[in-house]
Amino acid sequence: MKIIACNSNRPLAEAVAAALNLPLTQASVRRFADMEIFVEIHENVRGEDVFVIQSTSYPTNDNLMELLIMLDALRRASARRVTAVIPYFGYARQDRKSGSRTPISAKLVANLIAEAAPLFARDILEHYKGRDLMVVSPDVGGVVRARAIAARLHTDLAIIDKRRPRAGVSEVMNVIGEVEGRDCILVDDIVDSGGTLCNAAEALLKNGARSASVYVTHGVFSGGAVARIGAAPIEQMVVTDSIQATEAVRVSSNIRQLTIAPLLAEAMRRISEESSVSTLFS
């Protein structure tokens, strides 16, 4: 079993390798003068089971091309099996046609993390023990995800009913569920601009919630998202390290990263040993 890191999130790859007690395979991914990508693998991988760790976060297309070229290099180097470990992939939101002549770009890549519920549930129990919790979905589309975590925590579920007047703008309209006096945990898959989650937190507090915290799988944090979250009534936002944190995220007073390295390491170990991966998320 060998592990290779591309350039998108080397700290996560190093943490996964450490969890598996394996060194990263020596390889280089660099640019020619015209910014074309060049990949070179410095170790023999013939007949090996190779895992390539690469998030297709910003710059999305560069990171995706790095991954594709690395996969091609490994196949040509006669690796026995090559598995792409993609903690975050940048086209996941294009998972259905939004109009005529539009793509379904999520079909191009696969997300290894099918569900972050077990990871989040353990962290919530550790940090919010003894508090009167309520899990909240920030929209109707996220109810299944939020319900899975609520079931693990044996707590109630509320839903934010919002309307989006135009692309990129969210307006919270109503809170479905009795949140008064409860410590609310908003659960979502991606935080981008942060507007939806900040509005949701404000709506919860206006409806009498004692506090509002957020758990998000992928922290994109575009534009002024970190500053917006810092100014919002959010007690704490927890994101995984599927995307490498910027300096602004690292120094934020109310954003905390939760590592997925052990989860990835165990999934990779099970794939290599050809044992069940689905039970990892049960």
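Residues numbered from 1 in each chain as written. Predicted model: local features only at pLDDT ≥ 70, side-chain atom pairs only at ≥ 80, totals over all residues. Heavy atoms only, no water.

Turning our eyes to something else, we now look at the nonpolar core. Residues Val16, Ile124, Ile149 and Met268 are the most contacted members of the largest nonpolar core, which totals 33 residues. For this core, the secondary structure elements donating two or more residues are strand S1 (2-5), helix H1 (10-19), strand S4 (49-53), helix H3 (117-127), strand S6 (133-137), helix H4 (143-153), strand S9 (183-191) and helix H8 (261-273). Of all the elements, H3 adds the most residues to this core, at five residues. Once you skip the residues sitting within four places of it in the chain, methionine 268 turns out to touch Met1, Ile3, Val16, Leu20, Phe51, Ile53 and Val85. The next biggest cluster of nonpolar side chains, apart from the first, holds 30 residues, and it includes Leu186, Cys198, Val216 and Val226. (Core = buried A, V, L, I, M, F, W, Y, C linked by side-chain atoms within 4.5 Å. Buried < 20%, exposed > 50% of the residue type's maximum accessible area, 1.4 Å probe, protein only. Helix = DSSP H or I, 4+ residues; strand = E, 2+ residues; numbered from the N terminus. Contact = heavy atoms within 4.5 Å.)

The angle between the axes and the distance between the axes are what describe a pair of packed helices. One way to put it is that H1 packs onto H8 with a least axis distance of 8 Å and a crossing angle of 60°. Classified by the interaxial angle, the pair formed by H1 and H8 is oblique. Considering the relative orientation of H1 and H8, their crossing is right-handed. For the pair formed by H1 and H8, the contact residues are Leu12, Ala15, Val16 and Ala19 on the first element and Ala261, Leu264, Ala265, Met268 and Arg269 on the second. Looking at the contact of H1 with H8 residue by residue, the classes come out as eight nonpolar, no polar and one charged. (Axes fitted to C-alpha atoms, helices over the stretch in contact; angles between N-to-C directions. Parallel < 35°, antiparallel > 145°, perpendicular 65-115°, else oblique. Left-handed = near helix turned anticlockwise from the far one by under 90°. Nonpolar A, V, L, I, M, F, W, Y, C, P; charged D, E, K, R; others polar.)

This paragraph deals with the environment of alanine 203. In this fold, alanine 203 is placed in helix H5 (residues 195-206). Among the residues examined, alanine 203 registers a relative accessible area of 9% and is labelled buried.

As a further point, take the sheet that holds S1. Spatially, three strands are ordered S1-S4-S5 in an open sheet, and the strand pairing comes out parallel. Both outer strands of the open sheet, S1 and strand S5 (81-85), are each paired with one neighbouring strand and no more. The mean inter-strand angle of the sheet, taken between neighbouring strand axes irrespective of direction, is 20°. Bridge count for S1 against S4 is four bridges, and the pairing is parallel. Note that in S4 the partner of isoleucine 4 across the bridge is valine 52. (Pairing = 2+ DSSP bridges.)

Limitation: the analysis is restricted to geometry and does not speak to function.
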